[in-house]
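Structure at a glance
Here is what each chain is made of, one letter per residue.
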Amino acid sequence: MLKTYKTITEAAGPLVVVGGVENIKYEEMVEIEMQDGQIKRGRVLEANETTAIIQVFEDIRGLNLKGSKAKFLAKTMKLGVSSDMVGRIFDGAGKPKDGGPEIIAEKYLDVNGSPINPYSREYPNDFIQTGISTIDGLNTLVRGQKLPIFSAAGLPHAMVASQIARQAKVLTKNEKGEVEKFSVVFGAMGITFEEAQFFIDEFKKTGALEKAVVFINLASDPVVERITLPRIALTAAEFLAFEKDMQVLVVLTDMTNYCEALREVSAARKEVPGRRGYPGYLYTDLATIYERAGRIKNKKGSITQIPILTMPEDDITHPIPDLSGYITEGQILLSRDLHKKNIYPPIDVLPSLSRLKDKGIGDKKTREDHSGVLNQLFAFYARGREVRELALILGESALTDVDKKYLKFADDFEQKFVNQNYTEDRTIQQTLDLGWELIGILPKEEMKRLKEEHINKYLMSSSPKGEERV
Amino acid sequence: MAEEKTGKIIKVAGPLVVANGLSEAQMYEVVKVGNEKIIGEVIRIKNNDVYIQVYEETSGIGPGEPVYLTGNPLTVELGPGLISNIYDGIQRPLKDLAKKSGEFIARGIECLALDANKKWTLTPLKKQGDEIEAGDILGEVKETELLTHKIMAPPVFNKGTITSIAPKGDYTVSEVIAEIKDENGKKIEVCLSHKWPIRNARPIAKKLTPSLGLITGQRVIDMFFPIAKGGAGCVPGPFGSGKTVVQHQLAKWSDADVIIFVGCGERGNEMTDLLMEFPELNDPKTGRPLMERTVLVANTSNMPVAAREASVYTGITIAEYFRDMGYSVVLLADSTSRWAEALREISGRLEEMPGDEGYPAYLGSRTAAFYERAGYTQCLGQDKREGFLTVVGAVSPPGGDLSEPVTQNTLRVTKVFWALDASLAYKRHFPAINWLNSYSLYEDNLKEFFDKQGGENFTEFRKKAMAILQKEAELQEIVRLVGIEALSQKDQFLLEIARIIREDFLHQNAFTDVDSFTSLKKQYLMVKTIVDIFIKGEQAISQGKLAKDILTNSLKEKVSRMKLIKEEEIEQFVLLNKEIEQIV
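In this text the structure is predicted, and so the values were computed from the model without any measurement. Residue positions are counted from 1 within each chain, in the order its sequence is given. Chains and ligands are labelled sequentially in the order written, the chains with letters from A and the ligands with numbers from 1. Per-residue local features are limited, in this predicted model, to residues with pLDDT of at least 70; the limit for side-chain atom pairs, both in listing and counting, is 80 or more; totals at the level of whole chains, interfaces and linings are taken over all residues. Side-chain numbers here rest on the full set of heavy atoms in the structure, without hydrogens or water.

1. Notes on the overall build of chain A
Secondary structure follows DSSP: runs of H or I at least 4 residues long count as helices, runs of E at least 2 residues long count as strands, and numbering of each begins at the N terminus. Helix and strand content of chain A: 13 helices and 22 strands. Atoms counted for the radius of gyration: C-alpha only. Globule rule: 2.2 Å times residue count to the power 0.38. Taken against the 2.2 N^0.38 rule, which gives 23 Å for 470 residues, the C-alpha radius of gyration of chain A at 25 Å falls within 12% of a compact globule. Considered along the principal axes of its C-alpha atoms, chain A spans approximately 85 × 55 × 40 Å. Working definition: with a 1.4 Å probe on protein chains only, accessible area under 20% of the residue-type maximum means buried, over 50% means exposed, and in between means partly exposed. Looking at chain A residue by residue over its 470 residues, the buried ones come to 62%. Put simply, 72% of the contacts in chain A that link residues at least 6 apart link residues at least 24 apart. Carbon together with sulfur atoms contributes 49% to the accessible area of chain A, which is approximately 17,700 Å² in total. We count Lys and Arg on the positive side and Asp and Glu on the negative side, and we leave His and both chain ends out. By convention, the charge on Lys lies at NZ, on Arg at CZ, on Asp at CG and on Glu at CD. Side-chain charges in chain A split into 64 positive and 68 negative, and the spacing between the mean points of these groups amounts to 2 Å. Contact between two residues is taken to exist if any of their heavy atoms lie within 4.5 Å; hydrogens are not considered. Surface exposure here means Shrake-Rupley accessible area, sampled with a 1.4 Å probe, where a residue is shielded only by the protein chains that are shown.

Set out below in structure tokens:
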């Protein structure tokens, strides 16, 4: 027997308080019927003996306390999932948004998911080739990783994410002997119509939409729905990956909007705020989203996550990028300086990082020299950037000969290695050969991070002026 | 009966549940919450209301459901079978959880911490009628090739007599293997395992001042910022600066008998990494898999927050237990910031008055109490054996800002500070321990140890190398203003040497086999070689030689390949030193 109460005693922002309730459960789903018959969904945020605080996912403008009713549904939030979700577009509550029919659920899954037992996890170690040199070569993505893009207003993160989604593939062949492509689960939280349309158009152009599941909450849609959207998207992703054996790439944008929504609810509840007004549990909350990536032993499917977040004021120490960075397995950082130099993708490799790269590269995965090339390029570029700063103060002519070469390296690295076309899909071999070509700018005794045998094998073959070197 | 002591839930808000009707509830008593009987702990009692932090997800639980008292505080079970296991924050083996609930962790599952059916071979070391004290070793169980598990008289009495003891044979953890009559005539039954409340430190005879170094094989640590066996250290650093790699390296290479690794609120894949890697890595001393000396406690960031608060205590209680056997134990906690955040979350739900940044006012005292459980101790027992418990906690300061409360409270109670630096990490200089900010207050205590173990004048070479690095930092300022050419030959030479120390000594690659671990002997030879070049070079310069003629490319290359000299071919340093002799 579902109970309906007419005792709504308070409405504040996204929160509604119902009095006189009995036998309610924490996180139980609730339907608020407004006086004009509109139904708004919500869930119990705090269950007391006689009162319930409810977080409403939709806009409650026009709600009148007297005329409205709250119906408790005696179930927690579940998403009906099915293989038919592929190719469809939904809203933040999992309702179809593309005009198509409702999904006939194969089963209902709790949107909060359950933590994957670390004992049952398979360590992610399959190299994913994205065709972008700065990622493949230096911040390698592997299958089952969560690697966010830290961006800022006005930077082309949407292009980078869609390029990854389009080009990503695992090079090892499956038992049918084919290179597996990824199915995309796309979750948009509070982004503009145009940005959302950009992704959908891109997916359409490449035919990816037929294999994608899209969840969209636009900037004009209810704020609180942004809190459930990533959970719904990941529930769908888990179903496809771990029950339907699919390789799923989850793109979530923009996590900053998600966190703002969380802050809004927290403030409405008058909770003690942590840094910058964000709730103290922001870390735990973000973890319940990001940690839902990975691989599981004896399952063929996987979830790879690419969340996008925009750093307010380009500040990486802001709580959102900061806490994300502590949970995710690295980050791809976009730089305004590179963007202004017209370099695409404007990935600043120095503060970017992929924590799982070491297990995904090397002999049999990519190429034996990968690790050395990677470390050497990082070291040279870091030194090159230092020299560039020095040259700004002292003038280029005051540099030593080696430093001049470092300066040339830094410039060439940005122009040739970082810079590439939006449609350019470089193989890992091309990326590494390009790396050797650039390494060749510097004399051999500077190459401290490379193995002798690799220098002999690759430097000579890739550098046209190799024979001149000592 | 437990069923009689039942209360009723009146409020659920996240991990906090409030119940009433539990007049017999005690602080920190374990309770079972709701129809599913999930585990919680009493953290506040106010009139009739009992506040409970729940160690599992609370969604779907509501007011009116029952709460059962158990009468016991939160305990861990200590006995053979701990080693090689991976536990969650409240000591449930993850392997058994996976068997019972599949790949995802379901709620309300009970698992025994130690395998109840497995038989262990006990060799008794005492006999009937022996006078004993608490902590005395009654027998031994060979738990793994690397570790002999000592069965101790539990510290619940002072003196007593063994009235019976089992003969050599195979026993399960819960079989009684000995009976003791204490001075008051009370009978105490001893099994292979016993329980201990996690929030109480295990008793010891006395604490001693740490005087032995913990060799970690990490050059920047052993050479410049050593930690003592039984010491406490912290590794703060922003994300991506390599905290976890430092902790993993310590877990792999530390010169210890037992390693307890607590993954507190961190990534699931990192725990999986340890689980996959440790059985394959071998202990440098014995050649046995590292897993045979390791216990993992994992509460990943998406697992329930209250269990995260408990996980560090679970870890340290297990660590103390092995210390009591007379072993050198290293506890690594990654990351204590997540533990502090769990405290903050619970405190917020209790509506306590917040201190700095929303953290509870008792953050400082809790942090101090945790690190004080480390130490070099004389254990209980008549044999006066000594044990070591070294604690290294990672701290994750938001935005890398060390002025935040968790870092500051930790710094007050730890004596070693390895400051991880984002700018070093960006340059891929790992371990990214900043040599200018870090410190070790054990340097003086350990001087004798290192001079003896490392080599002649070990500490002098350390000081010299550090002085070069300090001087470099000063000179860099000048170079930034006027360029390197404006410096004297002597200073230019020093800069080159400093660069060699940084790139060829401090930089250490955790992912290549030769470089991952460096013995103290080799570290000494490396630093000695560099300092020798420096001293001889300086003399040559004062006689008119140019810096670039001394540090020829071939010499630089030889020095840079120094770290690749294998431990078993350490005599190659003799050749290298001969070449250096010829410079002058």
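2. Some thoughts on helix H3 (residues 243–253) of chain B
Counting buried positions along H3 of chain B gives 10 out of 11 residues, so the element sits mostly inside the fold. Burial in H3 of chain B covers these residues: Lys 243, Thr 244, Val 246, Gln 247, His 248, Gln 249, Leu 250, Ala 251, Lys 252 and Trp 253 of chain B.

3. Notes on the nonpolar core
All names here are of chain B. In terms of nonpolar packing, the biggest core is built from 85 residues, with Phe 224, Trp 418, Phe 493, Ile 497, Ile 501 and Phe 505 touching the most fellow members. Looking at this core element by element, the count peaks at 11 residues for helix H14 (residues 520–542). As used throughout, domain bounds are those supplied by an automatic or database domain assignment. Taken domain by domain, this core gets at least three of its residues from each of domain 2 (78–101 + 205–441) and domain 4 (454–581). Excluding residues within four positions of it along the chain, Phe 505 makes contact with Arg 219, Met 223, Phe 224, Ile 500, Gln 523, Met 526, Val 527 and Ile 530. Residues Met 152, Leu 350, Tyr 371 and Val 391 belong to the second largest nonpolar core, which totals 80 residues. What we call a nonpolar core is a set of buried Ala, Val, Leu, Ile, Met, Phe, Trp, Tyr and Cys residues that are connected through their side-chain atoms within 4.5 Å.

4. A closer look at the packing of aromatic side chains
Aromatic ring pairs are reported here in terms of the distance separating the ring centres and the angle at which the planes meet. When the centres of two rings from Phe, Tyr and Trp lie within 6.5 Å, Trp using its six-membered ring, the rings pair. Their planes under 30 degrees apart give stacked, over 60 give edge-to-face, and anything left gives tilted. The final tally for this structure, using the stated rule, is 30 aromatic pairs over all chains. Here the aromatic rings of Phe 413 of chain A and Phe 417 of chain A are separated by 5.1 Å at their centres, their planes lie at 15°, and the arrangement is stacked. Of this pair, Phe 413 of chain A and Phe 417 of chain A both sit in helix H11 (residues 401–418), separated by 4 residues, roughly a single helical turn. When its relative accessible area of 0% is taken as the criterion, Phe 413 of chain A is described as buried. With 5.2 Å between their ring centres and 15° between their planes, Phe 450 of chain B and Phe 458 of chain B make a pair best called stacked. For the pair shown, Phe 450 of chain B and Phe 458 of chain B are each scored as buried. Members of the aromatic cluster, each reached through a chain of ring pairs, are Phe 380, Tyr 381, Tyr 406, Phe 409, Phe 413 and Phe 417 of chain A. Looking at Lys 118 of chain B, its charged tip hangs above the ring of Trp 120 of chain B, at a distance of 4.6 Å from the centre. Any Lys NZ or Arg CZ found within 6 Å of a ring centre and within 35 degrees of that ring's normal is scored as a charge over the ring.

5. Comments concerning the pairing of strand E7 (residues 69–76) of chain A
All names here are of chain A. Note on pairing: two strands pair once DSSP finds at least 2 bridges between them. Looking at chain direction, strand E1 (residues 3–5) and E7 are connected through 3 bridges and run antiparallel. Paired with Tyr 5 across the strands is Ala 70, a residue of E7. Sheet topology places strand E4 (residues 28–33) next to E7; 5 bridges connect them, and they run antiparallel. If you follow Ile 32 over to E7, its bridge partner there is Ala 70.

6. Details of the sheet that holds strand E11 (residues 137–142) of chain B
Residues and elements named next belong to chain B. Sheet architecture is open: 4 strands sit in the order E12-E11-E9-E14, paired in antiparallel fashion. With partners counted over all chains shown, the strands left at the sheet margins are strand E12 (148–152) and strand E14 (169–171), one partner each. This sheet shows a mean twist of 40° between the axes of neighbouring strands, independent of strand direction. Bridge analysis of strand E9 (residues 120–124) against E11 gives 3 bridges, and the strand direction is antiparallel. Bridging across to E11, Thr 123 finds its partner in Glu 140. To define axes, lines are fitted to C-alpha atoms, for helices over the stretch in contact only, and angles between the resulting N-to-C directions are given on a 0 to 180 degree scale.

7. Thoughts on the pairing of strand E13 (residues 159–165) of chain B
Relative to E13 of chain B, strand E10 (residues 131–133) of chain B is paired through 3 bridges, and the arrangement is antiparallel. Counterpart to Ile 132 of chain B in the pairing with E13 of chain B is Gly 160 of chain B.

8. Considering unusual backbone geometry
Cis rather than trans, the peptide bond between Thr 253 of chain A and Asp 254 of chain A has omega equal to 5°. With respect to the element layout, Asp 254 of chain A can be found in the loop between strand E18 (247–253) and helix H5 (255–268). Going from Asp 334 of chain B to Ser 335 of chain B, the amide bond is cis rather than trans, its omega being 5°. With respect to the helices and strands, the residue Ser 335 of chain B is situated in the loop between strand E22 (328–334) and helix H6 (336–349). The backbone phi angle of Asn 23 of chain A is positive, close to 50°, even though this residue is not glycine. Note on placement: Asn 23 of chain A falls in the loop between strand E3 (15–18) and E4. One non-glycine residue, Lys 37 of chain B, adopts positive backbone phi at about 55°. With respect to the helices and strands, Lys 37 of chain B occurs in the loop between strand E3 (29–33) and strand E4 (38–46).

9. Quick notes on the interface of chain A and chain B
Contacts between the two partners involve 79 residues from chain A and, on the opposite side, 78 residues from chain B. Put simply, buried area is the surface a 1.4 Å probe can reach on two separate parts but cannot reach once they are joined, added for both. Approximately 6,600 Å² of surface area, both sides summed, lies buried where chain A meets chain B, with 54% of it carried by carbon and sulfur atoms. What counts as a salt bridge is simple: a side-chain nitrogen of Lys or Arg found within 4 Å of a carboxyl oxygen of Asp or Glu. For the pair chain A and chain B, the number of links is 9 salt bridges. The residue Lys 25 of chain A makes a salt bridge to Glu 65 of chain B at a minimum N-O spacing of 2.9 Å. For this analysis, a polar contact is any N or O atom pair within 3.5 Å, provided that within protein one partner can donate a hydrogen and the other can accept it, and provided that sequence-adjacent residues contribute only side-chain to side-chain pairs. On the surface where chain A and chain B come into contact, there are 31 residue pairs in polar contact (both at pLDDT 80 or more). Breaking the side of chain A that touches chain B down by element, the ones donating at least two residues are strand E5 (39–48), strand E11 (121–122), helix H4 (225–242), helix H6 (282–290), helix H7 (319–327), helix H9 (357–360) and helix H10 (370–394) of chain A. Here the element with the most residues in the side of chain A that touches chain B is H10 of chain A; it accounts for 8 residues.

10. Topic: the pattern of salt bridges
Tallying each qualifying case throughout the model produces 76 salt bridges over all chains. Its salt-bridge partner being Asp 348 of chain A, residue Arg 385 of chain A comes within 3.3 Å of it at the nearest N-O pair. In this pair, Arg 385 of chain A sits in helix H10 while Asp 348 of chain A sits in the loop between helix H8 (336–340) and strand E22 (353–354), placing the two residues 37 residues apart along the sequence. Residue Arg 385 of chain A is classed as partly exposed on the basis of its relative accessible area, which comes to 27%. By relative accessible area, Asp 348 of chain A is classed as buried at 9%. Glu 266 of chain B is the salt-bridge partner of Arg 338 of chain B, the closest N and O atoms lying 3.5 Å from each other. Taken together, the residues span a long stretch of sequence, with Arg 338 of chain B in helix H6 and Glu 266 of chain B in the loop between strand E20 (258–264) and helix H4 (268–277) at a distance of 72 residues. For the pair Arg 338 of chain B and Glu 266 of chain B, one class covers both residues: buried.

11. Here's the deal with the environment of Ile 332 of chain A
When you line up the elements, Ile 332 of chain A lands in strand E21 (residues 330–333). A C-alpha to C-alpha distance of 9.3 Å links Ile 332 of chain A and Thr 134 of chain A, two positions 198 residues apart in sequence.

12. Re the domain arrangement of chain B
Assigned domains of chain B: these are domain 1 (6–72), domain 2 (78–101 + 205–441), domain 3 (120–192) and domain 4 (454–581). Taking only C-alpha atoms, the centre of domain 3 of chain B and the centre of domain 4 of chain B are 55 Å apart.

13. Observations concerning the confidence of the model for chain B
The score called pLDDT rates the predictor's confidence residue by residue, from a low of 0 to a high of 100. When pLDDT is averaged across chain B, the result is 91; 99% of the residues are at 70 or more. Here the prediction assigns the complex a pTM of 0.91, and the interface score ipTM is 0.86.

14. Comments concerning the side chain of Thr 459 of chain B
Residues and elements named next belong to chain B. Summarising the element assignment, Thr 459 is placed in helix H11 (residues 458–482). In terms of polar contacts, Thr 459 uses its side chain to reach the side chain of Asp 451, at 2.8 Å. Those residues within four positions of Thr 459 in sequence are excluded, and the remaining contacts are Lys 447 and Asp 451.

15. Overview of the sheet that holds strand E14 (residues 169–173) of chain A
Residue and element names in this part refer to chain A. With antiparallel pairing, 3 strands are arranged side by side in an open sheet as E12-E14-E15. Each edge of the sheet is formed by a strand with only one pairing partner; in this case those strands are strand E12 (128–129) and strand E15 (179–181). As judged from the 2 bridges shared by E12 and E14, these two strands associate in the antiparallel manner. Note on E14: the bridge partner recorded for Ile 128 is Val 170.

16. Some remarks on the packing of H11 of chain B against helix H12 (residues 489–506) of chain B
All names here are of chain B. Orientation of H11 relative to H12, taken along the N-to-C sense of each, is 120°, at an axis distance of 9 Å. Put simply, H11 runs oblique to H12. Judged by the sense of rotation from one axis to the other, the crossing of H11 with H12 is left-handed. Side by side, H11 and H12 meet where Ala 465, Ile 468, Leu 469, Lys 471, Glu 472, Leu 475, Gln 476 and Val 479 of the first sit next to Asp 491, Leu 494, Leu 495, Ile 497, Ala 498, Arg 499, Ile 501, Arg 502 and Leu 506 of the second. Each residue gets one label: Ala, Val, Leu, Ile, Met, Phe, Trp, Tyr, Cys and Pro are nonpolar, Asp, Glu, Lys and Arg are charged, and the others, such as Gly, are polar. Residue composition of the contact of H11 with H12, grouped by class: 11 nonpolar, 1 polar and 5 charged. Throughout, the term roughly parallel applies to angles under 35 degrees, roughly antiparallel to angles over 145, roughly perpendicular to angles from 65 to 115, and oblique to all others. Less than a right angle of anticlockwise turn of the near helix away from the far helix marks a crossing as left-handed, whereas a clockwise turn marks it as right-handed.

17. Here's the deal with the confidence of the model for chain A
Residues and elements named next belong to chain A. Within chain A, residue pLDDT values average 91, and 98% of them lie at 70 or more. For chain A, per-element mean pLDDT is lowest for E15, which scores 78, and highest for strand E13 (residues 149–151), which scores 97. Here residues 465–470 scores under 50 on pLDDT; set against residues more than four positions off or in separate chains, the count is 6 contacts.

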